[in-house]
Amino acid sequence: YEKAFGGRSIEITVTARAGAENPLEEFRVGYFTVGVGDSGWRKFTLTEDFQDYSFTFKNKAPTGKPANDFIGIWPGDDGKNETMDVKSIRISVLQ
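In this text, all values refer to a predicted model and were calculated from it rather than measured experimentally.

A.B. asks: Report on the overall build of the protein chain, specifying residues and quantitative values.
C.D. replies: The number of helices and strands found in the protein chain is one helix and six strands. Listing each helix as α and each strand as β along the protein chain from the N terminus yields α-β-β-β-β-β-β. On the principal axes, the C-alpha backbone points of the protein chain span a range of 45 × 25 × 15 Å. Residue burial in the protein chain is summarised as follows: out of 95 residues, 32% are buried. Contacts in the protein chain between residues far apart in sequence, at least 24 positions, make up 77% of those at least 6 positions apart. Of the accessible surface of the protein chain, which amounts to about 5900 Å², a share of 47% is contributed by carbon and sulfur atoms. For the protein chain, the distance from the average site of its 12 positive side-chain charges to the average site of its 14 negative ones is 11 Å.

About the cut-offs
Residues numbered from 1 in each chain as written. Predicted model: local features only at pLDDT ≥ 70, side-chain atom pairs only at ≥ 80, totals over all residues. Heavy atoms only, no water. Helix = DSSP H or I, 4+ residues; strand = E, 2+ residues; numbered from the N terminus. Buried < 20%, exposed > 50% of the residue type's maximum accessible area, 1.4 Å probe, protein only. Contact = heavy atoms within 4.5 Å. Areas by Shrake-Rupley, 256 points an atom, 1.4 Å probe, with all protein chains shown as cover. Lys, Arg positive; Asp, Glu negative; His and termini not counted. Charge placed at Lys NZ, Arg CZ, Asp CG, Glu CD.

Now the structure itself:
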């Protein structure tokens, strides 16, 4: 993905909702490139219904052999076993 998305603006969209049991109120999502430059964590507030949570990120071009890019979801800072449901994760190239 680093090679395909490198040097481009991308939009990351997570379709999610708070879980039915012990629902999580907020979550964080980020795009990570293992050394080229990360988006940092972006915080979103969940609702009871599925909703799209999106952010844009200008990805840097790879400087060597592409590594492992990934999207991370951090489900709560406090470790309270709160839940969320993730329906989909999408990446769109904007340019």
